[in-house]
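Structural overview for review
Below, each chain spelled out in residue letters.
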Amino acid sequence: MAIQAPPVDMDKLMTFLGQVIGELGATVNAGLIVVGDRLGLYRAMAGAGPITSAQLAEKTSTAERYVREWLNAQAAGGYVTYDPSTQRYELPAEQAMALADENSPAFVCGAFELATATLKAESHIEDIFRSGAGYGWHEHDSGVHTGCERFFRPGYNANLVSTWIPALEGVEEKLRVGATVADIGCGLGASSRLMAEAYPRSKVTGFDYHKQSVELARHKAREAGLSDRLHFEVAPAAAFPGSGYDLVTTFDSLHDMGDPVGAARHVKQALAKDGTWLIVEPIAGDTVESNLNPVGRAYYAFSTFLCTPNSLSQDVGLALGAQAGPKRIHDVITAAGFTRFRRVGETPFNLVYEVRP
């Protein structure tokens, strides 16, 4: 007996298609955000008041016809305003904070750099859907590495020194006097630099398995004048050198690891007896339904392209995913022999944990 297809509610269908059209425009506009960021279009509009496309093109040494089309796309999406009586465009102060100020805690252009670079691996991700294989972080476009740092850096700037470290028992005092810190999975070293800048008497070493990221991290440390107390080395999370560390940190990287339990065991061995492990992870609940929200959607999408394939490309391949949640992180650290696990902070994008032996 043939199964009859359920009836289609046309109102619901049209509502969904309206949603799809909005997302189609948003998807393509992600590329235009990256263009605007790289060409300095948002920065040129910030604080400039109403401006014509010709004026913006002149300020940024770009072609007016392309700038005009770009502005119209931005206006249609609500990123800029448009006055038809004067044919001028304006970047509101709120949008400028998110799009033009790299030091702002609300800065978002890095997220779009990360997103557009991530999509360049689409054909490879399609292949591993069929094979079940992994795809390593190092195999992605370099915009993934630079965009990831720019995506997370605003949150670290706003919270790491002011909130997260002070929430750890006795750690800030050690850092001020002079402590040793290992930043594991440091990427381009944004978190490492922040700690080295804030605590000049401490020694910070960032470790990452990705050679190109480490090279960029070293360059940024030299530019910041931090080379006397900040160093970077190529090393995997489960085998970084050194012992007796007062503080070990992992920022948005534990869930990416193939063997997070093995890495956690190594952290335990590398810590001083009274040392602390600071874990910062993407915000998530413990159930799928608790993550069915805009932030969870973004993280699940990035996790499908980046986090899960990276873990599956390595030994063990536990594949926690970006939405692992507190319980699974707790399971990892207890399996490694840690006995103390405490949630000490939360932002719209991150959960923060203190782990002690």
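Up top is the structure these notes are about.
Below you will find a few notes about this structure. Quick caveat, the model's predicted, so the values are computed rather than measured. (Residues numbered from 1 in each chain as written. Predicted model: local features only at pLDDT ≥ 70, side-chain atom pairs only at ≥ 80, totals over all residues. Heavy atoms only, no water.)

**Here's the deal with the packing of helix α6 (residues 109–118) against helix α13 (residues 294–312)**
Contact geometry for α6 and α13: axes closest at 11 Å, N-to-C directions at 60°. Taken together, the axis directions place α6 and α13 in an arrangement best described as oblique. Viewed along their axes, α6 and α13 form a crossing whose handedness is left-handed. Counting all contacts with α6, which are made through A111, L114, A115 and T118, the residues of α13 involved are F302, F305 and L306. When the residues that make up the contact of α6 with α13 are grouped by side-chain class, the tally is six nonpolar, one polar and no charged. (Axes fitted to C-alpha atoms, helices over the stretch in contact; angles between N-to-C directions. Helix = DSSP H or I, 4+ residues; strand = E, 2+ residues; numbered from the N terminus. Parallel < 35°, antiparallel > 145°, perpendicular 65-115°, else oblique. Left-handed = near helix turned anticlockwise from the far one by under 90°. Contact = heavy atoms within 4.5 Å. Nonpolar A, V, L, I, M, F, W, Y, C, P; charged D, E, K, R; others polar.)

**A short note on the layout of surface pockets**
In this structure, the largest pocket spans a volume of roughly 1,200 Å³. In this structure, the largest pocket is lined by 33 residues; those nearest its centre are A111, F112, A115, A298 and F302. Sort the elements by how many residues they give to the lining of the largest pocket and α13 lands first, with eight residues. Per-class residue counts for the lining of the largest pocket are 24 nonpolar, seven polar and two charged. (1 Å grid on protein atoms, 1.4 Å probe; cavity = no way out; pocket = protein on both sides within 12 Å on 5 of 7 lines; lining within 4 Å. Points joined across faces, edges and corners; volume = space filled by probe spheres on them.)

**Here's the deal with α13**
The terminal C-alpha atoms of α13, which comprises 19 residues, lie 26 Å apart, in line with the 27 Å expected from a rise of 1.5 Å per residue. The sharpest bend along α13 measures roughly 60° and falls at S303. Within the sequence span of α13, burial applies to G296, Y299, F302, S303, F305, L306, C307, P309, N310 and S311. Residues of α13 that are buried sit in contact with α6, α7 (122–131), α8 (142–164) and β7 (271–282). For α13, the side-chain oxygen to backbone nitrogen distance between the N-cap and V295 is 3.2 Å, and the N-cap itself is N293. (Expected span 1.5 Å × (residues − 1). Bend = angle between axes of the 7 residues up to and from the residue. Buried < 20%, exposed > 50% of the residue type's maximum accessible area, 1.4 Å probe, protein only. Polar contact = N/O pair within 3.5 Å; in protein donor to acceptor, adjacent residues only side chain to side chain.)

**Observations regarding a nonpolar patch on the surface**
Taken together, the side chains of V8, M10, L13, M14, F16, L17 and V20 define a hydrophobic patch exposed on the protein surface, amounting to about 640 Å² of accessible area. In this fold, V8 is placed in the segment before α1 (10–39). The class for V8 is exposed, based on a relative accessible area of 58%. (Patch = residues over 30% accessible without salt bridge, like charges linked within 9 Å, V, L, I, M, F, W, Y side chains within 5 Å. Areas by Shrake-Rupley, 256 points an atom, 1.4 Å probe, with all protein chains shown as cover. Salt bridge = Lys/Arg side-chain N within 4 Å of Asp/Glu carboxyl O.)

**So, the pattern of salt bridges**
The tally for this structure, following the rule as stated, stands at 20 salt bridges. Here D37 ties to R43 by a salt bridge, and the two come within 3.5 Å at their closest N and O atoms. Since its relative accessible area comes to 43%, R43 is described here as partly exposed.

**Points about the packing of aromatic side chains**
A full pass over the atoms with the stated rule returns 12 aromatic pairs. Pairing F151 with F152 gives two aromatic rings, centres 4.6 Å apart and planes at 45°, and the pair type is tilted. With 5.5 Å between their ring centres and 35° between their planes, F207 and F240 make a pair best called tilted. Of this pair, F207 sits in strand β4 (residues 203–208) while F240 is found in the loop between β5 (230–234) and β6 (245–251), placing the two residues 33 residues apart along the sequence. (Phe/Tyr/Trp six-rings, centres within 6.5 Å; stacked < 30°, edge-to-face > 60°.)

**Description of the side chain of Q323**
Looking at where Q323 falls in the secondary structure, it is placed in the loop between α13 and α14 (325–335). A distance of 3.0 Å separates the side chain of Q323 from the backbone oxygen of I283, its partner in a polar contact. Setting aside chain neighbours within four positions, we find Q323 in contact with P282, I283, A284, G285, N291, G296, Y299 and Y300.

**Some points on the sheet that holds β7**
Adjacent strands of a sheet form backbone hydrogen bonds with each other and so pair up, either parallel or antiparallel. Here seven strands make up an open sheet; going across it, the order is β5-β4-β3-β6-β7-β9-β8 and the pairing mixed. Whereas interior strands pair on both sides, the edge strands pair on one side only; in this sheet they are β5 and β8 (340–346). Direction aside, neighbouring strands of the sheet carry axes that sit 20° apart on average. (Pairing = 2+ DSSP bridges.)

**Thoughts on unusual backbone geometry**
Even without being a glycine, S61 presents a positive backbone phi close to 55°. Structurally, the position occupied by S61 is in the loop between α3 (53–60) and α4 (64–76). Of note in this structure, V316 is not a glycine but carries a positive phi near 75°. Structurally, V316 is set in the loop between α13 and α14.

**Concerning the packing of α8 against helix α10 (residues 190–198)**
Between α8 and α10, whose axes approach to 9 Å, the crossing angle comes to 30°. The angle between α8 and α10 falls in the class roughly parallel. Between α8 and α10 lies a crossing whose hand is right-handed. Residues E149, R153, Y156, N157, L160 and V161 of α8 pack against A190, S191, R193, L194, M195 and A198 of α10. In the contact of α8 with α10, the residues fall into seven nonpolar, two polar and three charged.

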